[in-house]
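A structural walkthrough
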Amino acid sequence: MNNIIHKLPIDDYHADKSAIGSSGLKEILDCPALYYGQNLDPTRPKKDVQESAAQVFGNLAHCVLFEYSDFHNRYRVGPEVSSKNTKVWQEFKKECEAEGAVAIDSFQMASAKRIRESALEIPDLREALEHPGSLGEVSAYWNDPHTGVRCKCRPDLLMPVGDGAGIMFDGKTFATGDAHEFARQVPRMGYHLQNAWYRDGFETAAGIQVLEFIFIVIGNEWPHPISLVALDEQGVSVGRSMYRRALNIYAECMSTGKWPGYQSGIQTISLPKWAQE
């Protein structure tokens, strides 16, 4: 069954293991046993997961762009302290957590504001962010017609274009906002798989034609320059082939109950060309 869910809490979306998303498919291509261990293994011990500085920044950027109406409720600026290990900061952090908010410092708040300003300075992005019909944080579910696998995706933003069509946007924080440097990051992180998966999946689930999938590349360092990047058709095609292969592996693993690990035995490797030179 295909369906669209608005405002589904992000934790509920990630907790739903009845459907697989693009991140899971990347794990499947790397090592099915890894996916099973991280997502389906009932014997996996619980662990305290703390966000890294990069994750905190990514979530901050995401909220200020795509959930701006809720930004000031979710993030609160704490007192000026010499260290966040001080008692004053830790008490403020606990107060925020008790009220469902996140404690940030004045520099983080300034970064968030600058990201918003940088985004609104780009006409195409400003139109998408301020369009009254744009949809953010929409969870889409569908059944893959070839394998029957339950699938899901959650695009950051979809701007309607005419009737039954739209343009999809996805925010990515990166060392630089330079498009050519980001091109190197795409295959490393499997963003081309995500691109094709989101486009095809959302079209299937919502019956909306996705005309384009655009990455919003946000520089990590001040003043957080932003660029808009679209992947060419060849890149999308490669991503589509990758997710198709991952889905077939996933379906086979679910059917047989066997989740293979990395290749057994000794493997001989070579130094990359740059190291040999």
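In what follows, the accompanying structure is described. The structure presented is a predicted model; accordingly, all values stated were derived computationally and were not measured. All chains use their own residue numbering, which begins from 1 and follows the written sequence. Only residues with pLDDT of at least 70 are given local features in this predicted model, and only at 80 or more are side-chain atom pairs given and counted; all residues enter the totals for whole chains, interfaces and linings. The basis for every side-chain value is the complete set of non-hydrogen atoms in the structure, without hydrogens or water.

**Describing the overall build of the protein chain**
A tally of helices and strands in the protein chain yields twelve helices and ten strands. Relative to its length of 277 residues, the protein chain is compact, with a C-alpha radius of gyration of 20 Å against a globular reference of 19 Å. By principal-axis analysis of the C-alpha atoms, the protein chain measures approximately 55 × 50 × 50 Å. Burial analysis of the protein chain (277 residues in total) assigns 39% to the buried set. Residue contacts are defined here by distance: any two heavy atoms, one from each residue, within 4.5 Å place the two residues in contact. When contacts within the protein chain are restricted to residue pairs at least 6 apart in sequence, long-range pairs at least 24 apart make up 67% of them. Only four residue types enter the charge count: Lys and Arg as positive, Asp and Glu as negative, with His and the chain ends excluded. To locate a charge, take atom NZ for lysine, CZ for arginine, CG for aspartate or CD for glutamate. Of the side-chain charges in the protein chain, 28 are positive and 36 negative, and the distance between the mean point of each set is 5 Å. Starting at the N terminus, helices and strands are each numbered in turn, a helix being any DSSP run of H or I of at least four residues and a strand any DSSP run of E of at least two. Our radius of gyration is a C-alpha quantity, and the globule rule it is checked against amounts to 2.2 Å times the number of residues to the power 0.38. Summary of the burial criterion: residues with accessible area below 20% of their type's maximum are buried, those above 50% are exposed, and those between are partly exposed, where the area comes from a 1.4 Å probe applied to protein chains only.

**Things to note about the side chain of Asp200**
Following the sequence through the fold, Asp200 ends up in helix H10 (residues 191–206). Within the structure, Asp200 has its side chain in polar contact with the side chain of Arg240 (distance 2.7 Å). For the purposes of these results, a polar contact is taken to be a pair of N or O atoms within 3.5 Å, where, inside protein, one atom must be able to donate a hydrogen and its partner to accept one; residues adjacent in sequence count only when each atom of the pair is a side-chain atom. Within the structure, the side chain of Asp200 is placed 2.6 Å from the side chain of Tyr243, a separation counted as a polar contact.

**Let's talk about the sheet that holds strand E5 (residues 138–143)**
The strand order E1-E5-E6 describes an open sheet built from three strands, whose pairing is antiparallel. Strands at the two margins of the open sheet, each flanked by one partner only, are strand E1 (3–6) and strand E6 (150–153). Geometrically, the sheet is characterised by an average inter-axis angle of 20 degrees between neighbouring strands, direction not taken into account. The pairing of E1 with E5 spans four bridges and is antiparallel. Considered in E5, the bridge of Ile5 is made with Ser139. Against the sheet, H10 contacts E1, E5 and E6, and its axis sits at roughly 80 degrees relative to E5. Strands pair, by our definition, only if DSSP identifies at least two bridges between them. Angles run from 0 to 180 degrees between N-to-C directions of axes, and those axes are lines fitted to C-alpha atoms, restricted for helices to the stretch in contact.

By themselves, these are just geometric observations and shouldn't be taken as functional.
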